[in-house]
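Coordinate analysis (summary)
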Amino acid sequence: MDINYERLNYLLSFETSYINRLIHCILDNAINDYEHVKSIYCMIVAYIALEKMQQKKVCENVEEYFLDNLYTKKEYKIFVGFIKKNTNNQNGNEFSENQYDFKDINTLIRRYLIYFEDYIVDFIEDVLKDSRDDPEWSAVAANNLIVCYIDIGKQVGLKIPYDDVEGFFEYNQFDKENYLIFDYLQTRESTYYRGKRYM
């Protein structure tokens, strides 16, 4: 199945808040599970590769990604040091960034999206808690994220057990009232929203 690059790029455009939220959790010791941290490392590698495939100007490696996002070299070393230590302990092999150099686009997208559903859930919770009169969080953007995530996820073979926004809410244990409030908010916002709406 062909990749819908417009929708993929919409998901990639949220990279800063998506990935940096996870990096902060690691640096604050909220996440110390090796597989989780390694997945985030692979996510950054995948993001860089997907941008390069489209001839976009992007950092060359994970260390540059950290520095471009205003982390210090020390913070990068803490992050990658956790992976190095556990890689060496688990199989005796030396850590190498090249071992996470994936060429297949479907694999890259799946790795980028590995925690995206959780990110969208947090985004929706922020929308629902936001001021009704002067909102900072966009309900239309959240709706777009769900639609694009479902579409791209299914294109690359992710097992997604829902087909629409309402199904996303139900699967992620939002109640019906939450969905109706969200639907009202994004419908209201759509009257003045200037960006593209994905359906």
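Residues numbered from 1 in each chain as written. Predicted model: local features only at pLDDT ≥ 70, side-chain atom pairs only at ≥ 80, totals over all residues. Heavy atoms only, no water.

The final tally for this structure, using the stated rule, is zero disulfides. No disulfide involves C25; its sulfur sits 18 Å from the nearest other cysteine sulfur, which is in C42. (Disulfide = S-S within 2.5 Å.)

Non-glycine residue Q55 carries a positive phi angle of around 60°. Here Q173, not a glycine, exhibits a phi torsion of approximately 65°, which is positive. Judged by its relative accessible area of 76%, Q173 falls in the exposed class. (Buried < 20%, exposed > 50% of the residue type's maximum accessible area, 1.4 Å probe, protein only.)

Okay, the environment of V62 next. Looking at where V62 falls in the secondary structure, it is placed in helix α4 (residues 62–68). Measuring from C-alpha to C-alpha, the distance between V62 and C42 comes to 9.3 Å, with 20 residues separating the pair along the chain. (Helix = DSSP H or I, 4+ residues; strand = E, 2+ residues; numbered from the N terminus.)

On to helix α6 (residues 105–112), then. Looking only at α6, the buried set comprises I105, L108, I109 and Y112. End-on, the buried residues of α6 take up no more than an arc of 95°, which puts them together on one face. Where α6 is buried, its residues meet α1 (5–12), α2 (15–27), α3 (34–53), α7 (116–129) and α8 (139–155). (Arc of directions from axis to C-beta. Contact = heavy atoms within 4.5 Å.)

What follows deals with the packing of α2 against α3. Close contact between α2 and α3 brings their axes to 11 Å; oriented N to C, the two are set at 150°. By the angle between their axes, α2 is roughly antiparallel relative to α3. Viewed along their axes, α2 and α3 form a crossing whose handedness is left-handed. In this structure, α2 uses E15, Y18, I19, L22, I23 and I26 to contact α3, whose residues at the interface are H36, V37, I40, M43, I44 and Y47. Its residues assigned to classes, the contact of α2 with α3 comprises ten nonpolar, one polar and one charged. (Axes fitted to C-alpha atoms, helices over the stretch in contact; angles between N-to-C directions. Parallel < 35°, antiparallel > 145°, perpendicular 65-115°, else oblique. Left-handed = near helix turned anticlockwise from the far one by under 90°. Nonpolar A, V, L, I, M, F, W, Y, C, P; charged D, E, K, R; others polar.)

Summed over the entire model, instances satisfying the criterion amount to 22 aromatic pairs. Summarising the aromatic geometry, the rings of Y162 and Y171 are spaced 5.4 Å apart at their centres and angled 50° between planes, so their arrangement reads as tilted. A connected cluster of aromatic rings, assembled from ring pairs, spans Y10, F14, Y18, Y47, Y65, Y112, F116, Y119, F123, W137, Y149 and Y198. (Phe/Tyr/Trp six-rings, centres within 6.5 Å; stacked < 30°, edge-to-face > 60°.)

With that settled, consider the nonpolar core. Counting residues in hydrophobic clusters, the biggest one holds 70 residues, and the most contacted among them are Y112 and F116. Among the elements that take part in this core, α3 stands out by supplying twelve residues, more than any other. (Core = buried A, V, L, I, M, F, W, Y, C linked by side-chain atoms within 4.5 Å.)

Turning next to the pattern of salt bridges. One pass over the full model with this rule turns up nine salt bridges. A salt bridge links K56 to E51, with the nearest nitrogen and oxygen atoms 3.2 Å apart. Since its relative accessible area comes to 33%, K56 is described here as partly exposed. We note a salt bridge from D126 to K129, for which the minimum N-O separation is 4.0 Å. Highlighted residues: D126 and K129, both in helix α7, separated by three residues, approximately one helical turn. (Salt bridge = Lys/Arg side-chain N within 4 Å of Asp/Glu carboxyl O.)

A few words on the side chain of R7. When you line up the elements, R7 lands in helix α1. Relative accessible area serves as the criterion here: at 15%, R7 is assigned to the buried category.

Bringing the environment of A49 into the picture now. Take A49: it is sitting in helix α3. Here A49 falls in the buried class, since its relative accessible area comes to 17%. Note: C-alpha distance between A49 and D104 (55 residues apart in sequence) is 10.0 Å.

So, about α2. What sets the pattern is the α-helix's 3.6 residues per turn: residues three or four places apart point alike. Taking 1.5 Å per residue, 13 residues should reach 18 Å; α2 reaches 18 Å between its end C-alpha atoms and fits that length. Buried within α2 we find E15, Y18, I19, N20, L22, I23, I26 and L27. (Expected span 1.5 Å × (residues − 1).)

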